[in-house]
Amino acid sequence: MTTPDYSAKPLSGGKGTPDAPCLMSKASLVHAQQHGYLTPEIVDEVFTDDPCWVDPIVRPIVVFVNDSLPDDSAEFDRLDKLLPRIMNATKISDREVEKRVHARVLCQQARKILHLVDERRRRVCEVSIATREAWLNGDATEEECRQAAAQAAQAARAAEAAGAAGAAGAARAARAAGAAGAAGAAGAAGAA
């Protein structure tokens, strides 16, 4: 009994099945097939959306994008074209190289979503990202990156505390306005 050509299988949302896998599971099956260890007996063991060889930064992004598509999406054809790139996104054996690759990917992704960050925290986040990018270029130390990250975290906590204090003040004002309104209504009812 021979195994089917998994590279030709259509993609599906969620984890899928071996006949219609998600992109990560398909990558796992095709990887096993290309490396000669996929047999019909172990398809269920190899069928996973968390293969041991994939880069830990790439996997959650691929799973998120795949799972965000509706099951009947035409976008699966476009997503399927990424299969070779995903299969090349393997774990890096050199820890320092891996750290730099992950830092670059995370900085790029952080810049793409920076506009979503509350304005009170955005500037300190920009500094933190810029410091890590400077480290990648050899213009900042690891200690400077730690300090910038700590400042970003401190700013985030301060903004959350300020937001919580503002929300608590608004709740007190609403309760006071509600009590005043109730007292006014009771007075009006008594006068009638």
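Residues numbered from 1 in each chain as written. Predicted model: local features only at pLDDT ≥ 70, side-chain atom pairs only at ≥ 80, totals over all residues. Heavy atoms only, no water.

Considerations on the overall build of the chain
What counts here: The helix count covers DSSP runs of H or I at least four residues long, the strand count covers runs of E at least two residues long, and both are numbered beginning at the N terminus. Partly exposed describes any residue whose relative accessible area lies between the buried limit of under 20% and the exposed limit of over 50%, with all areas from a 1.4 Å probe on protein chains only and scaled to the type maximum. Two residues qualify as a contact provided that any one of their heavy atoms is within 4.5 Å of a heavy atom in the partner residue.
From N to C terminus, the chain includes eight helices and two strands. Looking at the chain residue by residue over its 192 residues, the buried ones come to 30%. Intrachain contacts of the chain at a sequence separation of at least 6 include 58% that bridge at least 24 residues.

Structural notes on the environment of Arg123
Topologically, Arg123 is positioned in helix α7 (residues 119-136). By relative accessible area, which is 56% here, Arg123 ends up exposed. Residues Arg123 and Ala152, 29 residues apart in the sequence, show an inter-C-alpha distance of 8.8 Å.

Thoughts on the pattern of salt bridges
Test applied: Any Lys or Arg side-chain nitrogen found within 4 Å of a carboxyl oxygen on Asp or Glu counts as a salt bridge.
Summed over all chains, the structure comprises eleven salt bridges. Glu75 serves as the salt-bridge partner of Arg78, at 3.0 Å between the closest nitrogen and oxygen. Of the two residues, Arg78 and Glu75 both sit in helix α4 (residues 75-80), three residues apart, roughly one turn of that helix. On the basis of relative accessibility, which here comes to 34%, the residue Glu75 falls in the partly exposed class. The salt bridge partner of Arg111 is Glu133, with a shortest N-O separation of 2.9 Å. Of this pair, Arg111 sits in helix α6 (residues 95-113) while Glu133 sits in helix α7, and the two are 22 residues apart along the sequence. Overall, the relative accessible area of 24% leaves Glu133 in the partly exposed class. Through salt bridges that share partners, Asp49, Asp50 and Arg59 make up one connected network.

Geometric values such as these leave the question of function open.
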